Amino acid sequence: MGDTFTTRCRFVVLISGRGSNMQAIVNAIEQQGLPADVVAVIANKPDATGLQWAQDRGLTIHGLDHRNYASRQDFDNMLAELIDSYHPDYILLAGYMRVLTPEFVSHFPNSIVNIHPSLLPAFPGLKTHQQALNAGVQWHGCTVHFVTPVLDHGPIIAQGVVAVQADDNPDTLAARVLRVEHRMYADVTAWLAHGRVSLDTDQRVHVSGAANRSFLLTPQGVETTESIL
Ligand code: GAR
């Protein structure tokens, strides 16, 4: 990790549903001509709608029903084996809604990246937009981070913010946060593909050449904070 890849960077993407963040990742690779490939898209639900989109784009897909496995451990063991067969540099979680076992996480050290729809460490878990409204926060957003065995926790790669409006409900808030998610995951994909992301001994992330790794939804669209400071 953190090295400049001499070959193309290999991503395995894990999804559970619609897969709009997966689409942002795939589109970023294509539109920016990144030296990277999504070598497989894997869903823990065979009917995840994102799988069809991935197949239509010519990507290799696997739909695995976690309910067919006796335990979380059994499923994660099989998942790790399948992922290993693709020799990925990074595993990108894009709306993957299943808790990973510590054994799975330690099998891929500093290689699993997640997007979470809140400004971590605030509001881990589910229903993050409702949690934000209940707390009355005026800024909400999303986080891309390296995965550790602790759920929704780990070294932060990037964060994006949206201002909460007085008349927001969880759906309106989710829709605005999602716009930031897509832009932010696309940029993080580029940083990873170019080998710019590293972790120091304090487990803090560094992205070479990036003075700032925050994003902001403005009336003009999603901006990097760097571009408006
Ligand atoms: C996204 O908002 C993502 O941040 C969230 O699920 C949604 C998936 O949408 N992930 C989590 O809550 C993970 N804890 P998508 O399938 O359209 O990318």
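If you're wondering where the values come from, they're calculated on a predicted model, not measured in any experiment. (Residues numbered from 1 in each chain as written. Predicted model: local features only at pLDDT ≥ 70, side-chain atom pairs only at ≥ 80, totals over all residues. Heavy atoms only, no water.)

Asks: Whenever I open this one, the overall build of the chain confuses me. Can you help?
Replies: Scanning the chain from terminus to terminus reveals 7 helices and 11 strands. Computed over its C-alpha atoms, the radius of gyration of the chain comes to 17 Å, within 12% of the 17 Å expected for a compact globule of 229 residues. Viewed in the frame of its principal axes, the chain has a C-alpha envelope of about 45 × 40 × 40 Å. Counting all 229 residues of the chain, 50% fall into the buried class. (Helix = DSSP H or I, 4+ residues; strand = E, 2+ residues; numbered from the N terminus. Rg over C-alpha atoms; globule rule 2.2 N^0.38 Å. Buried < 20%, exposed > 50% of the residue type's maximum accessible area, 1.4 Å probe, protein only.)

Asks: Looking at this model, I keep getting lost on the side chain of Ser118. Mind explaining?
Replies: Relative to the elements of secondary structure, Ser118 occurs in the loop between β5 (112-116) and α5 (128-135). By relative accessible area, which is 0% here, Ser118 ends up buried. A polar side-chain atom of Ser118 sits 2.6 Å from the main-chain carbonyl oxygen of Ala122. With sequence-adjacent residues up to four places away left out, Ser118 is seen in contact with Phe123, Thr128, His140, Gly141, Cys142 and Thr143. (Polar contact = N/O pair within 3.5 Å; in protein donor to acceptor, adjacent residues only side chain to side chain. Contact = heavy atoms within 4.5 Å.)

Asks: Please clarify how the packing of aromatic side chains should be interpreted in this entry.
Replies: Given two aromatic rings, one states the distance between the centres and the angle between the planes to describe the pair. Using the criterion set out here, one finds 4 aromatic pairs in the structure. Between Tyr69 and Phe75, the aromatic rings sit 5.4 Å apart at their centres with planes inclined by 70°, giving edge-to-face as the arrangement. The exposure class of Tyr69 is partly exposed, given its relative accessible area of 29%. (Phe/Tyr/Trp six-rings, centres within 6.5 Å; stacked < 30°, edge-to-face > 60°.)

Asks: For this particular structure, what's the right way to read the pairing of strand β11 (residues 221-224)?
Replies: A regular strand carries its side chains on alternate faces of the sheet. Pairing of strand β10 (residues 214-218) with β11, which is carried by 4 bridges, proceeds in the antiparallel orientation. Pairing of Leu216 across the sheet is with Glu223, part of β11. Linkage of β10 to β11, two consecutive antiparallel strands, is achieved through a turn of 2 residues. (Pairing = 2+ DSSP bridges.)

Asks: Any chance you could explain the site of the ligand here in plain terms?
Replies: Surveying the vicinity of the ligand reveals the residues Arg18, Gly19, Ser20, Asn21, Gly95, Met97, Ile115, His116, Pro117, Leu178 and Glu181. The contact in question runs from an oxygen atom of the ligand to an N or O atom on the backbone of Gly19, over 2.8 Å. When the ligand is considered free in solution it has 440 Å² of accessible area, and contact with the protein chains removes 87% of it. Within the residue set of the shell around the ligand, elements represented by two or more residues are α1 (20-32), β5 and α6 (170-193). (Near = heavy atom within 4 Å. Areas by Shrake-Rupley, 256 points an atom, 1.4 Å probe, with all protein chains shown as cover.)

Asks: Before we go on, may I ask you to explain the sheet that holds β11 in this structure?
Replies: Here 9 strands make up an open sheet; going across it, the order is β3-β2-β1-β4-β5-β6-β7-β10-β11 and the pairing mixed. Two strands in the sheet have a free side with no partner beyond their single neighbour: β3 (61-63) and β11. Taking the axes of each pair of neighbouring strands and ignoring which way they run, one obtains an average angle of 20° across the sheet. Pairing of strand β4 (residues 90-93) with β5 involves 3 bridges; the strand directions are parallel. Bridging across to β5, Ile91 finds its partner in Ile112. (Axes fitted to C-alpha atoms, helices over the stretch in contact; angles between N-to-C directions.)

Asks: Would you mind going over the packing of α1 against helix α2 (residues 49-56) with me for this structure?
Replies: Helices that pack against each other are described as a pair by the angle of their axes relative to one another and the distance between those axes. Where α1 meets α2, the closest approach of the two axes is 10 Å, and the angle between their N-to-C directions is 20°. As judged from the angle between their axes, α1 and α2 are roughly parallel. Read as a crossing pair, α1 and α2 show a hand that is right-handed. Contacts between α1 and α2 pair Met22, Gln23, Val26 and Asn27 from the former with Gly50, Trp53 and Ala54 from the latter. Its residues assigned to classes, the contact of α1 with α2 shows 4 nonpolar, 3 polar and no charged. (Parallel < 35°, antiparallel > 145°, perpendicular 65-115°, else oblique. Left-handed = near helix turned anticlockwise from the far one by under 90°. Nonpolar A, V, L, I, M, F, W, Y, C, P; charged D, E, K, R; others polar.)

Asks: Could you clarify how one ought to interpret α5 in this entry?
Replies: Since there are 3.6 residues in each turn of an α-helix, residues three or four apart along the chain are aligned in direction. For α5, the set of buried residues is Thr128, His129 and Ala132. Buried residues of α5, viewed axially, fall in a sector of 100°; they line one side. Buried residues belonging to α5 abut β5, β6 (139-146) and α6. Just past α5, the residue Gly136 takes up positive phi, approximately 75°. (Arc of directions from axis to C-beta.)

Asks: Honestly, unusual backbone geometry in this entry has me stumped. Any pointers?
Replies: Each neighbour pair has its own omega, and for Leu120 with Pro121 the value is 15°, a cis peptide bond. With respect to the secondary-structure elements, Pro121 resides in the loop between β5 and α5. The phi angle at His87 is positive, at roughly 45°, despite the residue not being glycine. Residue position: His87 is located in the loop between α3 (72-84) and β4. Using a relative accessible area of 59% as the deciding quantity, one classes His87 as exposed. One non-glycine residue, Asp152, lies in the positive phi region at around 50°.

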